[in-house]
Amino acid sequence: SQVVDAVIIETSGFGIFNDAEKRKLLQTMAEARGLIVLTDSDGAGFVIRNHIKSAIPGKYLKHAYIPDVLGKEKRKAAPGKEGKLGVEGMRPDILLESLRQAGATIEGEETAPKKAAAITKQDFCDWGLSGGPDSGEKRKELLKILDFPERMSANALLQAVNLLYTREELEEIIGK
């Protein structure tokens, strides 16, 4: 709320699993305006993100990701289980950039034209990022290079690179 003037609905962590009213609210808002899902980059955050993805059609969702940053939030006595900062521990500029990359409309800023989805699952196979013996490790290495969360699935990675990179840009990164 310090970064954007928008409706923010907290999931109450795993509380979203047992809160039918909150899920209904998210569905209603998503259908009316769309929804940007922004969760912590730890395992729990991805479980919550996947729960929301299963409850709301993808055409209403955009996904914002924060990078894996080790540390603890000021209000907590100890770091989380995985030792990573959550959304509340991110600097405002990182949060704003994550929202921009997800395709959020920022008032007063010109929106960039959306890039065509030129990178495919077959490309991932061809580059050894999917379907091969070491593809999981290669994806993890790419996630680290791109400063994406380490738990990002292959499909989420594909979606993210199509938003942020051209085929040529990604080939150059993979080549390095």
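See the structure shown above.
All values derive from a computational prediction rather than experimental measurement.

(A) Looking closely at the overall build of the protein. A count of helices and strands for the protein gives 7 helices and 2 strands. In sequence order, the protein lays out its α and β elements as α-β-α-β-α-α-α-α-α. Against the 2.2 N^0.38 benchmark of 16 Å for 176 residues, the protein shows a C-alpha radius of gyration of 17 Å, consistent with a compact globule. When the backbone C-alpha atoms are referred to their principal axes, the protein occupies close to 45 × 40 × 30 Å. Taking the intrachain contacts of the protein between residues at least 6 apart in sequence as the baseline, contacts between residues at least 24 apart amount to 58%. Here the protein has roughly 11200 Å² of accessible surface; of this, 51% comes from carbon and sulfur atoms. The centroid of the 26 positive side-chain charges in the protein is displaced by 4 Å from the centroid of its 27 negative side-chain charges.

(B) Seen up close, the packing of helix α5 (residues 135–146) against helix α7 (residues 167–175). At a minimum axis separation of 11 Å, α5 and α7 run at an interaxial angle of 110°. Comparing the axis directions of α5 and α7 gives the class roughly perpendicular. Here α5 contributes Leu142, Ile145 and Leu146 to the contact with α7, which in turn contributes Leu170, Ile173 and Ile174. Each residue belonging to the contact of α5 with α7 can be placed in one class, and the counts come to 6 nonpolar, no polar and no charged.

(C) Spatial organisation of the packing of aromatic side chains. Enumeration over the complete set of coordinates arrives at 2 aromatic pairs. Measuring from centroid to centroid gives 6.1 Å for Phe46 and Tyr65, while their planes differ by 20°, and the two rings are stacked. Placement of the pair is Phe46 in helix α2 (residues 43–55) and Tyr65 in the loop between β2 (61–64) and α3 (92–102), with a sequence separation of 19 residues. Tyr65 shares its class with Phe46; the two are buried. Over the ring of Phe46 we find Arg49, and its NZ or CZ is 5.6 Å from the ring centre. Over the face of the ring belonging to Tyr65 we find Arg49, whose NZ or CZ atom lies 4.1 Å from the ring centre.

(D) Seen up close, unusual backbone geometry. One non-glycine residue with positive phi stands out, namely Ser12, at about 60°. Even without being a glycine, Asp147 presents a positive backbone phi close to 65°. Locating Asp147 in the fold gives a position in the loop between α5 and α6 (154–164). With relative accessibility at 47%, the residue Asp147 sits in the partly exposed group.

Scoring rules and cut-offs
Residues numbered from 1 in each chain as written. Predicted model: local features only at pLDDT ≥ 70, side-chain atom pairs only at ≥ 80, totals over all residues. Heavy atoms only, no water. Helix = DSSP H or I, 4+ residues; strand = E, 2+ residues; numbered from the N terminus. Rg over C-alpha atoms; globule rule 2.2 N^0.38 Å. Contact = heavy atoms within 4.5 Å. Areas by Shrake-Rupley, 256 points an atom, 1.4 Å probe, with all protein chains shown as cover. Lys, Arg positive; Asp, Glu negative; His and termini not counted. Charge placed at Lys NZ, Arg CZ, Asp CG, Glu CD. Axes fitted to C-alpha atoms, helices over the stretch in contact; angles between N-to-C directions. Parallel < 35°, antiparallel > 145°, perpendicular 65-115°, else oblique. Nonpolar A, V, L, I, M, F, W, Y, C, P; charged D, E, K, R; others polar. Phe/Tyr/Trp six-rings, centres within 6.5 Å; stacked < 30°, edge-to-face > 60°. Buried < 20%, exposed > 50% of the residue type's maximum accessible area, 1.4 Å probe, protein only. Lys NZ or Arg CZ within 6 Å of the ring centre and 35° of its normal.

Geometric values such as these leave the question of function open.
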